[in-house]
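Residue-level structure breakdown
Here's the letter readout for the chains.
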Amino acid sequence: MDYDLTRIDYALCGITYPDALKILPVSEQKSQQKFVIGDKNGILQCMSIKDEEPVIHFKTLPGKSITSVQLASSSGNNVDKIFAASGNEVKGYTRKGKVFLSIETSVAETITSMCVFGSDLVLCSGRTVTFYRELQEVYCYLCDDRVLDAVAFATPNNNRVRLLVLIANKEAVIIENGSLYKRTYIAAGPTRITVPSCLHSTEVCAFYGGADGSIGLIFYEDPDLLNKCLVEGCGLGSVMCVGWFYTGAGTHLAVGRHDGSIQLYQINTDNLKEKPRLKFTYFSGEPVTSVYGGCIGTDEPELLVATFSGRIFGLRPRRLVSGNVPISNIKNGDAFVLRRSKLETEIARLEKQTASERDKYQRNTRSIFPGISAPPLLDIQFELSGATSNGWQEVKIICAVSLDMLFIYCQNKLEIQTDSAAVLSLCSAQDTEDTELLATIRCQAGTRRLWLRMRTLSLSETKLEGTRVFIYVLPAGAPRVARIIKLHLPTLPHYSKYESLEVENQNSSWCEVRVSGGFSVAEMTAWLAEAIPGELPRPASNVALARSHTILGTLLICRYQQIWSHIWQMVEPLIPGSPAIPGSGSGYGNGGARGVKNLRKRFRCQTRRLDLATYNARTLRTDEKVSRAGSSEQVALEYHRFI
Amino acid sequence: MQASTVQPVFKLELNHKVTPGIVTIAKYDGTHSCLTASAGYDKIIIHHPHGAIISGRAQRSQAHGEVSELNLSQAVIALAAGAIKPDCPRDMLLIGSPTQILAYDVHDNSDLFFKEAPDGVNVITVGHFGKHNERLVIVGGNSSVMALNWQGVEQFWNVVGGKVCSMVTFDFDKDGENELLIGCEDSYIRVLKNNQFIIELAETGPVICLSLISDVRFAYGLANGTIGIYEEGIRLWRVKSKQNSISLEWSGENLACCWANGRIDWRDGTGRVLRRVQMRSHAAAMLLADYRSVGASDLICVSDKGEVLGYPNTPENVSLTATSKRFPSEEDRVAITELLNKKQALLVELQHYEANSSSLTNKDMERPSTAMPTNTRLQVAIAADSEEKCLQLVVSTNNETIVRTALVLAEGIFDSGETLARHPQQTQLKSIMYIPLKPPRDVPVDVHIKALVGYADSEQFHIFEITKQLPRFSMYTIAPSRMKTQIASHVTFRITERVQRICIWINQNFLLDQEVELENEDTKDFNISFICLRDMSRLEMEYSGDGQVKFKTPDIRLAGDLIQSLAVYLNLTDLQVHNQPLLYNYLFG
């Protein structure tokens, strides 16, 4: 039977990042639990709920954005310690809010995810996983792509720690002692992992939520790291957070998604590989960043949820809400009326304050001594994915305030799709040539997230420098400002999967392009950034990267340093005889000259000494299926063939 | 945004598919309601839960014990029912096929009449109309309406401008007699009274639903997803959705709207959604009837898969208010959520002002990428452009800031979609921007403009919003005086009004650079000539002192629109108009 949970709003905070909310374990005296939440303003708050009203236990001052909050795992001696990561710093707080630890780590990028395991600390930032023991850096492991999440496991018979790490190139790896131990590829693209508490601490096994909305299990069965998809995505949004919810009825995996849905799945703890049973679904309307179960408002467990814009609310069994069952912490009508009137007076005060500020702002617009109106940037997050099998590139936009309209402009004609709840309207052309895209998207009231899919219409239109798309985001409320988002659709949108450089050693046929000239690494990076999707390594004296095609499986390897660069393209798919292109054979031998176009004028890294020619990689393969798959690869360099 | 749901009071399955829109509820025995629907091409199903055995042509359905099937040899286009037979409380079923209407007495298994409808059948409605004492069967065709009495004798007939999509009888002018409201495919709601159209309400899409609310209000739904309410000919509100409305009903104190995708929502007096439910499949119909025989009407929703859900007309929140004394109800929690929504929005706004004022204090800083001088103003003008054959909407700022992009939102005037956008190249950004508009029809249009103002390299722009109304005949501009061509076609009529009033009417309904003014008080004659920007055709208006008015134009539709507009302005109810070769040209040339 499905659960009947109902929403109770507790509090507001600033914008929250995934996994910035944690519920503290039960203390001895009380059965109700406290929780901590860190937000974008850098405020860490510890709260509990009394009569549905938040009671703040401690609150830090604003600072750098808090991107991850962790509690010390109970296996160590640091029970009830709170760790908050912001930027490259990690701070430790006691239950009372006292700072007992503050370290500035050496990681170059913002810490996106963190894991505390006994006296070990694991930080994920950018492409690195850094392992600290007793606050000393032990090792730093560089992954092929961005690190999304990590969990730690003890190893049997020694004190080493195994890390299960999720990487953005859809891989899960086990790192042990600073080196790669096992790896596996998961097509669903896992984004978050969590370990069920019923397991022995040495058993490597975790549930993941995928970018395609699916849920599965990663487990290590000697000698392989395996994975199993348990629940298909079913068109729901990508998973942003996972958590646990324990009730008398059993153990539940709570999942919060980008599309605002929250789901509870009952797990069979005796057989984790059994398909979890869906018990509850709720739509909150905005991206969910944290979801955990605990005894928050009453003595019985409920689900605590934080959203991107900073709403904190509980999902509580309906019978506890309607008050038919007498419970110890009885919340009577009076307390509720009090809370409501308190809230109403607060809003009235805020309204007055806002009205006076608005008035001040508007008076300013009429004054003869003009000042400057410079409202801060709207809080908008967006993410552009690599191309899918149909050539669509998806951008997900989330906004802290509700959206009114979006206006999309592109110099090239694009095909475009959006959410079914929003009204997409293509505008007529600005001039007679009609080569541009002008479109508006009108959102439903309260929309805070939106996806948009785009793909180039004609391949002949594809420019070497890629396609620039401008999205103007118009919010519904005051102040009336619109932020512009500039997107860049790369020329080779399919080469979005990161690979390790070891693939170079594979015995197969390659095309090679060698360029030498008076260019710098930064110039080369700038050029490649326009050609392939995703982030590139930072310019260094010597850069190498490997990517593979999401459909064909062909590889692209780039190595460059000052003055020279090599670009290899693999002719055959990664796995020989892969079903991606049945019967394609190796057709590299014919007609490379077809599709040659001189794009010298457009090529940025052009050098004085070098003759450049374009070579359309598609013509390497005579297979029709490849071109039908919509790949639009053009490599604008001279090529040699070598085996 | 937050809307609570509502539970149905009954649920049943017909086990038959239902064709959307062709559903009615009737009391064939005078007391018990029976749901009647088209279940495919020529099959009609009648659900009779109250046990009345239907005999005769109707056959008991195999799929459902309480459903009878009636097979016709022709496609069923429309269904209606009503007690049209005098002194008989029983409802008669009216079945519209593409070219015929059959009135059938289900209870007695007899045909009342059978009538050819040469203009086709789109909608059938039953009701009192005008001075007719008996209930009439009113049939909307492809370009006409026809009314029949219970014997199938034609009572009146009239031409309508377009295909009839919806009809309802309604006392529009509150004279105690019903008028007929006709929703047409050509985007007008027309009111027919005694064989004359007394008013035309211009809408922005084919009018597919009409529904009575009270003696002064009615609701309408358009094929472009708009629904709204009119009160005494003035629109109170409208909202637009992506879906099409199937049916609108006034339920309790709210407007219930059933959308094609199976969603039903209840809206309050301002159009805000209070509650909503989602059926398991697409919707076929929503009707108001006392199907439970409890003495009060329920809202009966039928899906295309044959699922029937009944919702109470007034939400049953009596029990909730009783308990709320002690325990907060669910509605109260929704209220808290709403309050927090409000608080959040206010906090965000306040934060923006605070950050803005803090950026003001350090002036020596470089200009931030979101900035704009506070005294920036946006000026908007509309001018006729006879070279480009359009109206030019001019948007400009009063300082060095640029108009990065401008969005124009209006309904029914753009070829594609609901917006027109201008986004100049990065190098061609100016503080002035021209936006061409070409309204295709002569109706007043509300134009909503959103202009994004900032600097060329800004990351964030200020939004300026302005709404302008284009007058009805905005596409006609004053002709240069040297042009003199003879227009043979004209309409003439006689009015007894001062010429000054005509001038005011012209100033209100045309877009003129300068208002038309008479040379002096004693002027009795008045001539003016216009050019249509669409095709450069001419329009001349002559007003002579004796009240003779002549409109010279080759376009009969324009002549009609002008007379209609002038008559409404001058409050004329009756006007004798003569047209010269216009109609002849229209019909034969």
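It should be emphasised that the depicted structure is a prediction, and the values quoted were computed from it without experimental measurement. (Residues numbered from 1 in each chain as written. Chains lettered and ligands numbered in written order. Predicted model: local features only at pLDDT ≥ 70, side-chain atom pairs only at ≥ 80, totals over all residues. Heavy atoms only, no water.)

1. Some details on the overall build of chain B
Our working rule: By the criteria applied, helices consist of DSSP H or I runs no shorter than four residues and strands consist of E runs no shorter than two, each listed in order from the N terminus. Under the scheme applied here, a residue whose accessible area is under 20% of the maximum for its type counts as buried, over 50% as exposed, and between as partly exposed, the area being computed with a 1.4 Å probe on protein chains only. The contact rule is simple, with two residues in contact once any of their heavy atoms fall within 4.5 Å. In this description, accessible areas are obtained by the Shrake-Rupley approach with a 1.4 Å probe, and a residue is regarded as covered only by the protein chains that are shown.
From N to C terminus, chain B includes five helices and 43 strands. Across the 589 residues that make up chain B, the buried fraction comes to 53%. Within chain B, counting contacts between residues at least 6 apart in sequence, those at least 24 apart form 50% of the total. Only carbon and sulfur atoms are counted for the fraction: they give 48% of the accessible area of chain B, which is about 26,300 Å².

2. Details of the sheet that holds strand β1 (residues 5-12) of chain A
Strand pairing in a sheet relies on backbone hydrogen bonds, with the paired strands running either antiparallel or parallel. Residue and element names in this part refer to chain A. Stated formally: When DSSP finds at least two bridges between two strands, those strands are taken to pair. Axes here refer to lines fitted to C-alpha atoms; in helices the fit is confined to the stretch in contact. Angles between the N-to-C directions go from 0 to 180 degrees.
What the four strands build is an open sheet, ordered β1-β28-β27-β26; its pairing is antiparallel. A single partner strand is all that each edge strand has here, and the edge strands are β1 and β26 (288-294). Ignoring which end each strand starts from, the neighbouring axes of this sheet average 20 degrees apart.

3. Focus: the environment of Lys 468 of chain B
Residues and elements named next belong to chain B. Checked against the element boundaries, Lys 468 lands in strand β37 (residues 460-470). Each C-alpha atom of the pair Lys 468 and Ile 449 lies 7.9 Å from the other, and the pair is 19 residues apart in sequence. In this view, Lys 468 contacts Val 380, Ile 382, Val 445, Asp 446 and Val 447; residues no more than four positions away in its chain are not counted.

4. Digging into helix α3 (residues 499-509) of chain B
Residue and element names in this part refer to chain B. Extensive coverage of α3 is indicated by the burial of eight of its eleven residues. Buried residues of α3: Val 499, Gln 500, Ile 502, Cys 503, Trp 505, Ile 506, Asn 507 and Asn 509, and no others. Those residues of α3 that are buried are in contact with β40 (526-532), β41 (538-543), β42 (548-552) and α4 (556-570).

5. Here we look at the sheet that holds strand β27 (residues 283-289) of chain B
Residue and element names in this part refer to chain B. Strand order in the open sheet made by the four strands is β1-β29-β28-β27, with antiparallel pairing throughout. The sheet is open, and its two edges are formed by β1 (10-13) and β27, each paired on a single side. Strand-to-strand, the axes of this sheet are offset by a mean angle of 15 degrees, without reference to chain direction. Examined bridge by bridge, strand β28 (residues 298-303) and strand β29 (residues 307-312) share five bridges and lie antiparallel to one another. Paired with Val 302 across the strands is Val 308, a residue of β29.

6. Notes on the packing of aromatic side chains
This is how it is decided: Pairing of aromatic rings covers Phe, Tyr and the six-membered ring of Trp, with a centre-to-centre limit of 6.5 Å; geometry is then stacked below 30 degrees between planes, edge-to-face above 60, and tilted otherwise. The rule is short: NZ of Lys or CZ of Arg within 6 Å of the ring centre and within 35 degrees of the ring normal puts a charge over the ring.
One pass over the full model with this rule turns up 26 aromatic pairs over all chains. Taken together, a centroid distance of 5.1 Å and an interplanar angle of 5 degrees make the contact between Phe 131 of chain A and Tyr 139 of chain A stacked. Neither residue differs from the other here; Phe 131 of chain A and Tyr 139 of chain A are each classed as buried. Put simply, the rings of Phe 473, Tyr 476, Phe 493, Trp 505, Phe 510, Phe 530 and Phe 551 of chain B touch in pairs and so form one group of aromatic residues. Sitting above the plane of the Phe 313 of chain A ring, Arg 7 of chain A keeps its charged end 3.8 Å from the centroid. Its end group placed over the ring of Tyr 181 of chain A, Lys 182 of chain A keeps NZ or CZ at 5.4 Å from the ring centre.

7. Points about the packing of α3 of chain B against α4 of chain B
Residues and elements named next belong to chain B. The condition is simple: Angles below 35 degrees are treated as roughly parallel, those above 145 as roughly antiparallel, those between 65 and 115 as roughly perpendicular, and all remaining angles as oblique. By convention the crossing between two helices is left-handed if the near helix lies anticlockwise of the far one by an angle smaller than a right angle, and right-handed if it lies clockwise.
Viewed as axis vectors pointing N to C, α3 and α4 meet at an angle of 120 degrees, and their least axial separation amounts to 11 Å. In terms of their interaxial angle, α3 and α4 are classed as oblique. At the point where α3 passes α4, the crossing takes the right-handed sense. From α3, Arg 501, Ile 502, Ile 504, Trp 505, Gln 508 and Asn 509 reach across to α4, where they touch Leu 562, Ser 565, Leu 566, Tyr 569 and Leu 570.

8. Things to note about the confidence of the model for chain A
Residue and element names in this part refer to chain A. This is how the line gets drawn: Scored between 0 and 100, pLDDT is the confidence that the predictor attaches to each residue.
Confidence in the prediction for chain A averages 77 pLDDT; 83% of positions are at 70 or higher. Considering only residues more than four positions removed or in separate chains, one finds that residues 324-330, a stretch of pLDDT under 50, has ten contacts. Low confidence marks residues 572-643, where pLDDT is under 50. Its contacts with residues over four positions away, or in another chain, come to 148 contacts.

9. Topic: the interface of chain A and chain B
It is common to report an interface's size as the accessible area lost on association of the parts. Let me state the cut-off plainly: Summed over both partners, buried area is the accessible surface (1.4 Å probe) that two parts give up on being assembled. Any Lys or Arg side-chain nitrogen found within 4 Å of a carboxyl oxygen on Asp or Glu counts as a salt bridge. By the criterion applied in these results, polar contacts are pairs of N or O atoms within 3.5 Å in which, for protein atoms, one can donate a hydrogen and the other can accept it, and in which residues neighboring in sequence qualify only through two side-chain atoms. Each residue receives one of three labels: charged for Asp, Glu, Lys and Arg, nonpolar for Ala, Val, Leu, Ile, Met, Phe, Trp, Tyr, Cys and Pro, and polar for the others, Gly being one of them.
Counting from both sides, the interface comprises 79 residues of chain A and, opposite them, 64 residues of chain B. Interface area, chain A with chain B, both sides summed: about 6,900 Å², of which 57% is carbon and sulfur. Counting across the interface, chain A meets chain B through six salt bridges. Between Arg 358 of chain A and Glu 349 of chain B there is a salt bridge, and its shortest N-O distance comes to 2.8 Å. There are 24 residue pairs in polar contact (both at pLDDT 80 or more) connecting chain A and chain B. Here the side of chain A that touches chain B takes 18 residues from helix α2 (residues 333-366) of chain A, the largest share from any one element. For the side of chain A that touches chain B, the per-class residue count stands at 36 nonpolar, 22 polar and 21 charged.

10. Digging into unusual backbone geometry
Cis rather than trans, the peptide bond between Asp 222 of chain A and Pro 223 of chain A has omega equal to 10 degrees. Mapping Pro 223 of chain A onto the fold places it in the loop between β20 (215-221) and β21 (224-231). The backbone of Lys 174 of chain B sits at a positive phi, close to 55 degrees, despite the residue not being glycine. Note on placement: Lys 174 of chain B falls in the loop between β15 (164-170) and β16 (179-184). Overall, Lys 174 of chain B belongs to the partly exposed group, its relative accessible area being 45%. A positive phi angle is found at Asn 194 of chain B, which is not glycine, with a value near 45 degrees. Relative to the elements of secondary structure, Asn 194 of chain B occurs in the loop between β17 (188-193) and β18 (196-202).

11. Brief notes about the pattern of salt bridges
Taken as a whole, this structure holds 55 salt bridges over all chains when the rule is applied. Across the salt bridge formed by Glu 53 of chain A and Lys 342 of chain A, the nearest N and O atoms sit 3.5 Å from each other. A residue pair is termed long-range when its members are at least 10 positions apart, and Glu 53 of chain A in strand β5 (residues 53-59) and Lys 342 of chain A in helix α2 qualify at 289 residues. The shortest N-O distance in the salt bridge between Lys 64 of chain A and Glu 89 of chain A comes to 4.0 Å. One end of the pair, Lys 64 of chain A, is in the loop between β5 and β6 (66-71); the other, Glu 89 of chain A, is in strand β8 (residues 89-93), with 25 residues separating them in the sequence. Judged by its relative accessible area of 19%, Glu 89 of chain A falls in the buried class. Through salt bridges with shared partners, a single ionic network connects Arg 442 of chain A together with Arg 238, Lys 240, Glu 411 and Glu 418 of chain B.

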